[in-house]
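This is what each chain is made of:
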Amino acid sequence: MGIVVENVSKQFGSFQAVQDVSLEIETGALVALLGPSGSGKSTLLRLIAGLETPDAGKIFLTGRDATHQSVQERNIGFVFQHYALFKHMTVRKNIAFGLEIRKTPKSKTKARVDELLELVQLKGLGDRYPSQLSGGQRQRVALARALAVEPQVLLLDEPFGALDAKVRKDLRVWLRRLHDEVHVTTVFVTHDQEEAMEVSDKIVVMNKGQVEQIGTPAEIYDHPATAFVMSFVGPVNVLPSTSRMFEASGLEPTHPDVFLRPHDLLVETSPNGATVPAKVKRVTHLGWEIQIELAMEDGQVVNVHLDRDRFKALNLEPGQRVYIKPKDAKSFPLHYSI
């Protein structure tokens, strides 16, 4: 295993940041720690890095007990959200910094920097300064600097959080390709569910200092283990289990709330069996799909996602009466909450 976390807890004053967390990350995997602000994901990353010491539990890196090792002893690369590049150094000097600290021979340092400049698609920009680069380029320099010392583990703390949406999307694709080339065990923190789904092999969903679920992006989305995971990962409608729409659905709720993905609602323009009436409130074009906001007779509002062909066939307009029923809805044990 690349990383093993055993029953780790960390408290800051009266705040329990991480509570009895255990997980295993395979060597060479790319794993996302996903959760809202205050869920413990950044604290867990800092514990793995050695920037914080756990109050309880153990951390193993590549089979070694690293719980009380210093940052330097752990052979970890760390990339922060705001790059943390040296402004007075060129791109080349920034990337070489860790190698020079380790007194790596100049010829080997130059060769490694040249290799990384090509790997992160910055060949020819080595003599520029950070201020002469775009935000996306600076973040690639930060990643190259972290990779220069050939770390066994690469940790990224919301690496694309400071970038605009288009650059972030481009860098996600780039990071996935980069990882497939270097195969360094990588953990990155994000609160962006789309980012986690697009980039990672596995996702660790955290909430209130604990792990809610660990799984592949498909497992997390299609088979959420808790109400929190269902509500946090992907769009969802949350309706009371007493809603008329569920009376004929066959679902036996175990929770006061029932969870329904927007694409798991069937929409018709005429009554059909167990359908219930609703009225179109708003139509929003989201590119490849259309979001329809519907108001049911009991006052509940739900969102439905339709592909463009289905939307065109229904020819829906605001104010139009439609009939809906759930294709797939989920309920969770009562002790799970959002």
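Use the structure listed above.
Cut-offs applied
Residues numbered from 1 in each chain as written. Predicted model: local features only at pLDDT ≥ 70, side-chain atom pairs only at ≥ 80, totals over all residues. Heavy atoms only, no water. Phe/Tyr/Trp six-rings, centres within 6.5 Å; stacked < 30°, edge-to-face > 60°. Helix = DSSP H or I, 4+ residues; strand = E, 2+ residues; numbered from the N terminus. Buried < 20%, exposed > 50% of the residue type's maximum accessible area, 1.4 Å probe, protein only. Lys NZ or Arg CZ within 6 Å of the ring centre and 35° of its normal. Expected span 1.5 Å × (residues − 1). Arc of directions from axis to C-beta. Contact = heavy atoms within 4.5 Å. Axes fitted to C-alpha atoms, helices over the stretch in contact; angles between N-to-C directions. Parallel < 35°, antiparallel > 145°, perpendicular 65-115°, else oblique. Left-handed = near helix turned anticlockwise from the far one by under 90°. Nonpolar A, V, L, I, M, F, W, Y, C, P; charged D, E, K, R; others polar. Core = buried A, V, L, I, M, F, W, Y, C linked by side-chain atoms within 4.5 Å. Pairing = 2+ DSSP bridges. Patch = residues over 30% accessible without salt bridge, like charges linked within 9 Å, V, L, I, M, F, W, Y side chains within 5 Å. Areas by Shrake-Rupley, 256 points an atom, 1.4 Å probe, with all protein chains shown as cover. Salt bridge = Lys/Arg side-chain N within 4 Å of Asp/Glu carboxyl O.

Asks: Pulling in residues and values, what's your account of the packing of aromatic side chains?
Replies: Per the stated rule, a full pass over the model turns up four aromatic pairs. With centroids separated by 4.7 Å and ring planes inclined at 50°, the aromatic side chains of F86 and F97 adopt a geometry described as tilted. Here the residue F86 occupies a position in the loop between β6 (76-79) and α2 (91-101), and F97 occupies one in helix α2, the gap between them amounting to 11 residues. Overall, the relative accessible area of 29% leaves F97 in the partly exposed class. Across the ring face of W174, the terminal group of R140 is positioned such that the distance to the ring centre comes to 6.0 Å.

Asks: A description of helix α3 (residues 106-119) should follow, citing residues and the corresponding values.
Replies: Along its 14 residues, α3 runs 20 Å from first to last C-alpha, staying within 8% of the 20 Å computed at 1.5 Å per residue. All of the buried residues in α3 are T109, R112, V113, L116, L117 and L119. The arc enclosing the buried residues of α3, seen along the axis, measures out at 160°, which places them on a common side. What points out from α3, more than 90 degrees from its buried face, is the exposed set S107 and E118. Contacts from the buried residues of α3 go to α2, α4 (135-148) and α5 (165-182).

Asks: Give a description of the packing of α2 against α4 that names residues and reports values.
Replies: Close contact between α2 and α4 brings their axes to 7 Å; oriented N to C, the two are set at 25°. As far as their axial angle goes, α4 and α2 are roughly parallel. At the point where α2 passes α4, the crossing takes the right-handed sense. Touching V91, N94, I95 and L99 of α2 are V141, A144, R145 and A148, all from α4. Class assignment for the residues of the contact of α2 with α4 results in six nonpolar, one polar and one charged.

Asks: Describe the environment of V258, listing the residues and the values that go with them.
Replies: Locating V258 in the fold gives a position in strand β12 (residues 257-260). Given the relative accessible area of 0%, V258 is considered buried. Measuring from C-alpha to C-alpha, the distance between V258 and A329 comes to 6.8 Å, with 71 residues separating the pair along the chain.

Asks: Describe the nonpolar core, naming the residues involved and giving the relevant values.
Replies: Counting residues in hydrophobic clusters, the biggest one holds 45 residues, and the most contacted among them are I95, L154 and V233. Ranked by residues supplied to this core, first place goes to α4 with seven residues. Ignoring anything within four residues of it in the chain, the contact list for I95 reads V113, L116, L117, V141, A144, R145 and A148. Counting 26 residues, the second-largest nonpolar core is a separate cluster that includes I25, L44, L45 and L61.

Asks: Could you give me a rundown of the sheet that holds strand β1 (residues 3-12), with the residues and numbers involved?
Replies: Ordered in space as β2-β1-β4-β5, the four strands form an open sheet in which the pairing is antiparallel. Here the strands that pair on one side only, and so sit at the sheet edges, are β2 (15-25) and β5 (64-65). The pairing of β1 with β2 spans seven bridges and is antiparallel. Paired with K10 across the bridge in β2 is V18. On top of the sheet, helix α1 (residues 41-49) reaches β1, β2 and β4 (56-61); it is set at about 120° to β1, its chief contact.

Asks: Kindly report on the sheet that holds strand β7 (residues 153-157), identifying the contributing residues and their values.
Replies: Reading across the sheet, the six strands line up as β6-β7-β8-β3-β9-β10 and stay open at both edges, with mixed pairing between neighbours. Whereas interior strands pair on both sides, the edge strands pair on one side only; in this sheet they are β6 and β10 (210-215). In this sheet, adjacent strand axes meet at a mean angle of 15° when their direction is disregarded. With five bridges joining them, β7 and strand β8 (residues 185-190) adopt parallel strand pairing. Looking across to β8, one finds that D157 is bridged to V189. In the packing of α1 onto the sheet, the strands contacted are β3 (30-34), β6, β7, β8 and β9 (202-207), and the crossing angle to β7 comes to about 150°.

Asks: I'd love a proper account of unusual backbone geometry, names of residues and values included.
Replies: Phi at D20 is positive, roughly 50°, even though this residue is not glycine. Structurally, the position occupied by D20 is in strand β2.

Asks: Please set out a nonpolar patch on the surface residue by residue, giving values where relevant.
Replies: On the surface, a cluster of nonpolar side chains totalling about 210 Å² of accessible area is made up of L51, V71 and F80. Take L51: it is sitting in the loop between α1 and β4.

Asks: So what about the side chain of T43? Which residues, and what values?
Replies: Within the secondary structure, T43 sits in helix α1. Relative accessible area serves as the criterion here: at 15%, T43 is assigned to the buried category. Beyond its immediate chain neighbours, meaning those up to four positions away, T43 contacts K10, F12, A17 and V18.

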